[in-house]
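Residues per chain, in single letters:
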Amino acid sequence: MIKRNNGFKNLTAGYLFPEVARRRREYAASHPDAKIISLGIGNTTEPLPEYIAKALSDAALALGTPEGYSGYGDEQGLTALRQKIADVFYKDMATADEVFISDGAKCDIARVQTLFGSKVKIAVQDPAYPVYVDGSVIVGAAGKNNGKGYKGVTYMPCVPENNFFPDLSKIKKNSIIYFCSPNNPTGAVSSKEELQKLVDFANANGCIIIFDAAYREFIRDPSLPKTIFEIPGSRTCAIEINSFSKPAGFTGVRLGWSVVPKDLKFADGSLVHADWNRVMTTLFNGASNIVQKGGLACLDEQGLASMKSVIDYYLVNADLIKKTFEGENFKKAGAQVYFTGNSPYIWVKFPGRKSWDIFDTLLDKCHVVTTPGSGFGPAGESFIRISAFGHQKDVQEACERLSKLEM
Ligand code: MLT
């Protein structure tokens, strides 16, 4: 018989969000009258702006006509969309042929792991979006878990004490560094000076940064960098991954992109761009042509304005959640609230308590689902993450219930 892939054997827990969903289902089954509100997974809730929905529907209808039909397209994506992304988001920082269109950031992160294989060293911010570590375990790059974490992974704590920016000196030479800003789950956004330190470190130590910028459109402070390519030196050490999921509500529609600069090289001098092109053309057949037309509409003047107003809506929710956790009842319980106004996530610490216990209390007493911080890594213990994605009336109701809670 075929031996099981060790990578799967090495995984120590189920994927975080299905586990949260399982606990919610179990609770709902035993409490059928509970009106549960989810502020757990960062799942968008607001309808697509009409302008964008129309572009999707026009593209679908066009496929039913001889002039509008198209079959396979370029695996790297529509030339017009690659160009539009380069123009709107990267100006003179990256060119259209360095942009690769995909079916979303999570899938790109998984494909990036095939690019570097099982022998590469990994460094992650701790806490971190679980795909970086779990995906590395599956491809064999993370090794076994010794109870404190995976052997092949350097965990870089990002905690209030270091203003959520890690001690880079912990990173081993020639590592792949996963870095997310605005950060999921902490909501912290690294400044230009901080990202410059990261880029300088990577260039000096043969590292490649996988920069996850999926939440860039939530940045409201104009002094904060929205892409790693704003940072001098980044083109020789960074790949950026991004997505239409959160800004355009494409979580179910599926569309993302990566940027791989042609200045980025492997140790033998070959271009990472060439191998990424091979990965994308071999393991992927291109994003849906309908969806790519929707993506183009998102980046028109009207599309950009409508995306901004949906994000503003979620940021109003975020502010309400932040104020709720700053309330007297939570203060009495010792809660410490972290929220910068530039992200859809509120990060709250309950010193001395376990994340899953807080999760259970909020579910049981308020019927509100959150995400336990420990699910994002060891440094997430004692924290919970509250997502601002939700209908405003649900978020208001959740906040009313939470403000009455005696911890
Ligand atoms: C999250 O809740 O962290 C994300 O929404 C999950 C995802 O984007 O895959």
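Note that the structure is predicted; figures quoted are calculated from it, not measured. (Residues numbered from 1 in each chain as written. Predicted model: local features only at pLDDT ≥ 70, side-chain atom pairs only at ≥ 80, totals over all residues. Heavy atoms only, no water.)

## Some words on the overall build of the protein
So, point 1. Broken down by element type, the protein carries 14 helices and 13 strands.
So, point 2. Computed over its C-alpha atoms, the radius of gyration of the protein comes to 21 Å, within 12% of the 22 Å expected for a compact globule of 407 residues.
So, point 3. A total of 407 residues make up the protein; the buried ones form 53% of that total.
So, point 4. Put simply, 74% of the contacts in the protein that link residues at least 6 apart link residues at least 24 apart.
So, point 5. Here the protein has roughly 17600 Å² of accessible surface; of this, 54% comes from carbon and sulfur atoms.
So, point 6. Distance from the positive charge centre (47 side chains) to the negative charge centre (44 side chains) of the protein: 6 Å. (Helix = DSSP H or I, 4+ residues; strand = E, 2+ residues; numbered from the N terminus. Rg over C-alpha atoms; globule rule 2.2 N^0.38 Å. Buried < 20%, exposed > 50% of the residue type's maximum accessible area, 1.4 Å probe, protein only. Contact = heavy atoms within 4.5 Å. Areas by Shrake-Rupley, 256 points an atom, 1.4 Å probe, with all protein chains shown as cover. Lys, Arg positive; Asp, Glu negative; His and termini not counted. Charge placed at Lys NZ, Arg CZ, Asp CG, Glu CD.)

## Digging into the site of the ligand
So, point 1. Every residue lining the ligand is accounted for by Phe17, Ile41, Gly42, Tyr129, Asn184, Tyr215, Lys246, Tyr345 and Arg385.
So, point 2. Within the backbone of Gly42, a nitrogen or oxygen atom sits 2.6 Å from an oxygen atom of the ligand.
So, point 3. Between Lys246 and the ligand, the recorded distance is 2.6 Å, taken from a side-chain N or O atom to an oxygen atom.
So, point 4. Protein burial of the ligand: of its 270 Å² of free accessible surface, 86% is covered by the chains. (Near = heavy atom within 4 Å. Polar contact = N/O pair within 3.5 Å; in protein donor to acceptor, adjacent residues only side chain to side chain.)

## Observations regarding the pattern of salt bridges
So, point 1. In this structure the tally under the stated criterion is 23 salt bridges.
So, point 2. Its salt-bridge partner being Glu26, residue Arg22 comes within 2.7 Å of it at the nearest N-O pair. Placement of both Arg22 and Glu26 in helix H2 (residues 16-30) is noted, with a separation of 4 residues, approximately one turn of the helix.
So, point 3. With relative accessibility at 48%, the residue Glu26 sits in the partly exposed group.
So, point 4. For the salt bridge of Lys322 with Glu326, the shortest nitrogen-to-oxygen distance reads 3.6 Å.
So, point 5. A relative accessible area of 32% places Glu326 in the partly exposed class. (Salt bridge = Lys/Arg side-chain N within 4 Å of Asp/Glu carboxyl O.)

## Considering the packing of helix H11 (residues 301-325) against helix H14 (residues 392-403)
So, point 1. Here H11 crosses H14 at 5 degrees, and the two axes come no closer than 10 Å. Taken together, the axis directions place H11 and H14 in an arrangement best described as roughly parallel. Counted together, Tyr313, Val316, Asn317, Leu320, Ile321, Thr324 and Phe325 of H11 and Gln392, Val395, Gln396, Cys399, Leu402 and Ser403 of H14 form the full contact between these two elements.
So, point 2. Taken together, the residues of the contact of H11 with H14 break down into 8 nonpolar, 5 polar and no charged. (Axes fitted to C-alpha atoms, helices over the stretch in contact; angles between N-to-C directions. Parallel < 35°, antiparallel > 145°, perpendicular 65-115°, else oblique. Nonpolar A, V, L, I, M, F, W, Y, C, P; charged D, E, K, R; others polar.)

## Here's the deal with the nonpolar core
So, point 1. Grouped together as the largest cluster of nonpolar side chains are 79 residues, with contacts concentrated most on Ile85, Ile209, Ile239 and Phe244.
So, point 2. Residues contacting Ile209, with those up to four places away along its chain left out, are Ile177, Phe179, Leu198, Val199, Ala202, Cys237, Ala238 and Ile239.
So, point 3. Counting 24 residues, the second-largest nonpolar core is a separate cluster that includes Ile37, Ala335, Val337 and Val348. (Core = buried A, V, L, I, M, F, W, Y, C linked by side-chain atoms within 4.5 Å.)

## Overview of the sheet that holds strand E8 (residues 256-259)
Strand pairs in the sheet, formed through backbone hydrogen bonds, run parallel or antiparallel to each other.
So, point 1. Taken together, the 7 strands give an open sheet; going across it, the order is E2-E8-E7-E6-E5-E3-E4, and neighbouring strands pair in mixed fashion. Every other strand in the sheet has two partners, leaving strand E2 (99-102) and strand E4 (153-157) as the edge strands with one partner each. On average, each strand axis in the sheet is inclined to that of its neighbour by 20 degrees, with strand direction left out of account.
So, point 2. In terms of strand pairing, strand E6 (residues 208-212) meets strand E7 (residues 238-243) through 4 bridges, oriented parallel. Directly across from Ile210, in E7, lies its bridge partner Ile239.
So, point 3. Its contacts with the sheet place helix H5 (residues 105-116) against E2, strand E5 (175-180), E6, E7 and E8, and it is angled at close to 155 degrees to E7. (Pairing = 2+ DSSP bridges.)

## Description of unusual backbone geometry
So, point 1. Residue Pro127 is bonded to the preceding Asp126 through a cis peptide linkage, with omega at 5 degrees.
So, point 2. If you trace the backbone, Pro127 turns up in the loop between strand E3 (121-126) and helix H6 (131-138).
So, point 3. The omega torsion of the bond from Ser181 to Pro182 falls at -5 degrees, within 30 degrees of zero and hence cis.
So, point 4. Here Pro182 is to be found in the loop between E5 and helix H7 (192-204).
So, point 5. Notably, His367 is not glycine yet its phi reads approximately 55 degrees, a positive angle.
So, point 6. Mapped onto the elements, His367 comes out in the loop between helix H13 (355-366) and strand E11 (368-369).
So, point 7. Here His367 falls in the partly exposed class, since its relative accessible area comes to 22%.
So, point 8. In this structure, Ser382 takes a positive phi of about 80 degrees despite not being glycine.
So, point 9. For Ser382, the position within the fold is in the loop between strand E12 (371-372) and strand E13 (383-387).

## Here's the deal with the side chain of Ser102
So, point 1. Relative to the assigned elements, Ser102 resides in strand E2.
So, point 2. What makes Ser102 buried here is its relative accessible area of 0%.
So, point 3. Setting aside residues up to four positions removed in sequence, Ser102 forms contacts with Asp108, Arg111, Leu255, Gly256, Trp257, Met280, Phe284 and Ala287.

## Regarding helix H4 (residues 79-90)
So, point 1. Taking 1.5 Å per residue, 12 residues should reach 16 Å; H4 reaches 15 Å between its end C-alpha atoms and fits that length.
So, point 2. What H4 keeps buried is the set Leu81, Arg82, Ile85, Ala86, Phe89 and Tyr90. Burial along H4 is one-sided: seen end-on, the buried residues are contained in an arc of 140 degrees.
So, point 3. Looking at the packing, one finds that the buried side of H4 touches E2, E7, E8 and helix H10 (289-298).
So, point 4. Once H4 finishes, Lys91 follows within two positions and takes phi at roughly 40 degrees, a positive value. (Expected span 1.5 Å × (residues − 1). Arc of directions from axis to C-beta.)

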